[in-house]
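# Structural features, examined
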Amino acid sequence: MTISTMRDEPAVCSAASDGTGIPEQMLFGRCEVMQAVRAKLERVAQTNVPVLIIGESGTGKEVIARYIHSRSLWLSGPFVPINCPGIPGALLESELFGYEKGAFTGASVAKMGLVESASDGTLFLDGIGELEFSLQSKFLQFLQDGQFARIGGQESLHAHVRIICSASRPLETEIESGHFRRDLFYRINVVTVYLPPLRERRLDVSELIDFFLHRFSKEFDRSPRPIRASTYDLLAANDWPGNIRQLENVIKRYVILDSEDAILADICGRAPVALNASTGESEQVSLKQVTRCATRELERKVILDTLSTNHWNRKRTAQALRISYRALLYKMKQGGLLSKRPDHVASPENGR
Ligand SMILES: Nc1ncnc2c1ncn2[C@@H]1O[C@H](COP(=O)(O)OP(=O)(O)O)[C@@H](O)[C@H]1O
Ligand SMILES: [Mg+2]
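To keep things clear, this report deals only with the structure shown in the data block. Along each chain, numbering runs from 1 in the same order as the chain's sequence is written. To read the labels, note that chains go from A and ligands from 1, taken in the order they are written. Only residues with pLDDT of 70 or above have their local features reported here, since the model is predicted, and side-chain atom pairs are shown and tallied only from 80 upward, although totals for entire chains, interfaces and linings are computed over all residues. By convention in this description, side-chain values take in all heavy atoms of the structure and omit both hydrogens and water.

### Description of the overall build of the chain
Within the chain one finds 15 helices and nine strands. Buried residues are those whose accessible area, probed at 1.4 Å on protein chains only, stays under 20% of the maximum for their type, while exposed residues exceed 50% and partly exposed ones sit between those limits. Taking all 352 residues of the chain together, the buried fraction comes to 45%. We call two residues in contact whenever any of their non-hydrogen atoms come within 4.5 Å of each other. Partitioning the intrachain contacts of the chain with sequence separation of at least 6 by distance along the chain shows that 70% fall at a separation of at least 24. Secondary structure elements follow DSSP: runs of H or I no shorter than four residues count as helices, runs of E no shorter than two count as strands, and numbering proceeds from the N terminus.

Written as structure tokens, this is what we have:
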């Protein structure tokens, strides 16, 4: 693949990081791990190397891809995202590479593919791990020399694009199981960026809440009441399996409904609260329920923090918390923490 060397320098230091309207400060937050991501991106954005972004759903992979584009030599070109898992195999090939008239039944006119429309810009392949094997070969070929053909076409076409890919988990497992081509992996994996899940960016949660409150109050022209401290604590202690997207949606619902039920329903796993048809008011959650939920979440957070401080040595953690070893194991099981030890912690027990 070649790149144009005639492009303008990208505009840097804008208030918002890119087309998403998220200020750069918000994008990376305060956690060390995200500062390292930022430093890495600064080094790679203006090169032509492919970037692979790994992170759970909702951690901001597309936002980061757009950020890279906005800092890259392809800034004046288009940013073209494609959601690989969302499009069935055969259709994905025609979406990516386009087709000529008469290539298949129903192809009454020729159509340009996304690779072509991303020319001189960035092509973002979201969920690349789900790309079908046969399509992986065609894509690899394109990555090698920038050449491709539309389906049913004889002509060899060429596109200059910056490639960014994303996956929700490391691709090594797919390679081992024979579902992902190793040679393609080496091509797209020149630089890998890992986005941490929100539960590992707890320092940033309160600023994200404030950011979304402000954003949605403006967008929906609402003035929601301040969130109560106890609910705020729940938000801070929550694990956010859906990451920033889940937090964003919770706050959006809160702003629209002006009801903390929206938050509690999500966090405490209750079914969303229906509006009472006669009064138009939402069902109230009992204080007892809120307290129980808050206590459980906070306890879980304290245990998690103490485990982390003690390198997941459970005996020392129990001592630090002044509870019995058995009680700790019980609480860890209850809080789903038994299987949560991070991979980089070699042994949880050091003998125990
Ligand atoms: N740092 C951030 N600050 C504010 N909003 C964010 C941030 N990162 C992601 N978002 C928002 O979270 C949602 C999910 O982001 P997205 O990039 O689509 O995640 P992914 O591609 O990893 O699933 C989007 O609505 C996005 O605007
Ligand atoms: Mg996405």
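### A few points about the environment of Ala-320
With respect to the secondary-structure elements, Ala-320 resides in helix α14 (residues 314-321). By relative accessible area, which is 48% here, Ala-320 ends up partly exposed. Residues Ala-320 and Leu-307, spaced 13 residues apart in sequence, show a C-alpha to C-alpha distance of 9.4 Å. Excluding residues that lie within four positions of it along the chain, Ala-320 makes contacts with Thr-306 and Asn-310.

### Remarks on the site of ligand 1
Within the structure, ligand 1 sits among 17 residues, and Gly-58, Lys-61, Glu-62, Arg-245 and Glu-248 are positioned closest to it. Any pair of nitrogen or oxygen atoms within 3.5 Å is treated as a polar contact; in protein, a donor-acceptor pairing is required on top of that, and neighbouring residues in sequence qualify only through side-chain atoms on both sides. The separation between an oxygen atom of ligand 1 and a polar main-chain atom of Gly-58 is 2.8 Å. A distance of 3.1 Å separates an oxygen atom of ligand 1 from a polar backbone atom of Gly-60. Of all the secondary structure elements, the ones that give two or more residues to the shell around ligand 1 are α1 (24-28), α3 (61-70), α9 (205-219) and α11 (243-257). In this classification, Asp, Glu, Lys and Arg are treated as charged, Ala, Val, Leu, Ile, Met, Phe, Trp, Tyr, Cys and Pro as nonpolar, and every other residue, Gly included, as polar. Broken down by class, the residue content of the shell around ligand 1 amounts to eight nonpolar, four polar and five charged. When we say a residue is near a molecule or strand, we mean one of its heavy atoms is within 4 Å of it.

### Things to note about the sheet that holds strand β5 (residues 121-126)
For two strands to pair, DSSP has to find at least two bridges joining them. Pairing within the open sheet is parallel, and its five strands lie in the order β2-β5-β8-β1-β9. Two strands lie at the open edges of the sheet, namely β2 (79-83) and β9 (191-194), each paired on one side alone. Taking each pair of neighbouring strands and ignoring which way they run, the sheet shows an average axis angle of 20°. Bridging between strand β1 (residues 51-54) and strand β8 (residues 161-167) involves four bridges; their strand directions are parallel. Across the sheet, residue Val-51 finds its bridge partner in β8, namely Ile-164. With respect to the sheet, helix α2 (residues 32-44) is in contact with β1, β8 and β9, its orientation differing from that of β9 by roughly 155°. Along the sheet, helix α6 (residues 133-145) contacts β5 and β8; its crossing angle with β8, the most-contacted strand, is approximately 140°. Every angle, taken between N-to-C directions, lies between 0 and 180 degrees, and every axis is a line fitted to C-alpha atoms, over only the stretch in contact when it is a helix.

### What to know about α2
In this model, α2 (13 residues) spans 19 Å end to end at C-alpha, consistent with the 18 Å of a helix rising 1.5 Å per residue. Among the residues of α2, those classed as buried are Met-34, Val-37, Leu-41 and Val-44. Seen along its axis, α2 keeps its buried residues to an arc of 85°; they face one direction. Relative to its buried face, α2 has exposed residues pointing more than 90 degrees away, namely Glu-32, Glu-42 and Arg-43. As for α2, its buried residues are in contact with α1, β1, α3, β8 and β9. Here the expected span of a helix is defined as 1.5 Å times the quantity of residues minus one. To be clear, the arc concerns the directions from the helix axis to the C-beta atoms.

### Regarding the nonpolar core
Soluble, globular proteins show a tendency: their nonpolar side chains are buried together. For the purposes of this section, nonpolar cores are sets of buried Ala, Val, Leu, Ile, Met, Phe, Trp, Tyr and Cys residues that join through side-chain atoms within 4.5 Å. Among the nonpolar cores identified, the biggest contains 45 residues, and Leu-41, Leu-235, Leu-247 and Ile-251 are the most heavily contacted of them. If one sorts the elements of this core by residue count, α9 sits on top with seven residues. Leaving out residues up to four positions away in the same chain, Leu-41 has contacts with Phe-28, Ile-64, Tyr-67, Ile-68 and Val-193.

### Observations regarding the packing of aromatic side chains
Only rings of Phe, Tyr and Trp enter the pairing, Trp through its six-membered ring, and a pair is recorded when the two centres are within 6.5 Å. The plane angle decides the type: under 30 degrees is stacked, over 60 is edge-to-face, the rest tilted. Scanning the model with the defined rule gives eleven aromatic pairs in all. Between Phe-28 and Tyr-67, the aromatic rings sit 5.1 Å apart at their centres with planes inclined by 80°, giving edge-to-face as the arrangement. Here Tyr-67 lies in helix α3 and Phe-28 lies in helix α1, a separation of 39 residues in the sequence. For the pair shown, Phe-28 and Tyr-67 are each scored as buried. A centroid spacing of 4.8 Å and a plane angle of 65° characterise the contact between Tyr-99 and Phe-104, whose relative ring orientation is edge-to-face. In textbook terms, an aromatic cluster arises when at least three aromatic residues are bridged by ring pairs, as seen for Phe-97, Phe-139, Phe-142 and Phe-148.

### Structural notes on the environment of Gln-154
Relative to the helices and strands, Gln-154 is located in the loop between β6 (147-148) and β7 (157-158). Using a relative accessible area of 79% as the deciding quantity, one classes Gln-154 as exposed. Separated by 54 residues in sequence, Gln-154 and Glu-100 place their C-alpha atoms 9.2 Å apart.

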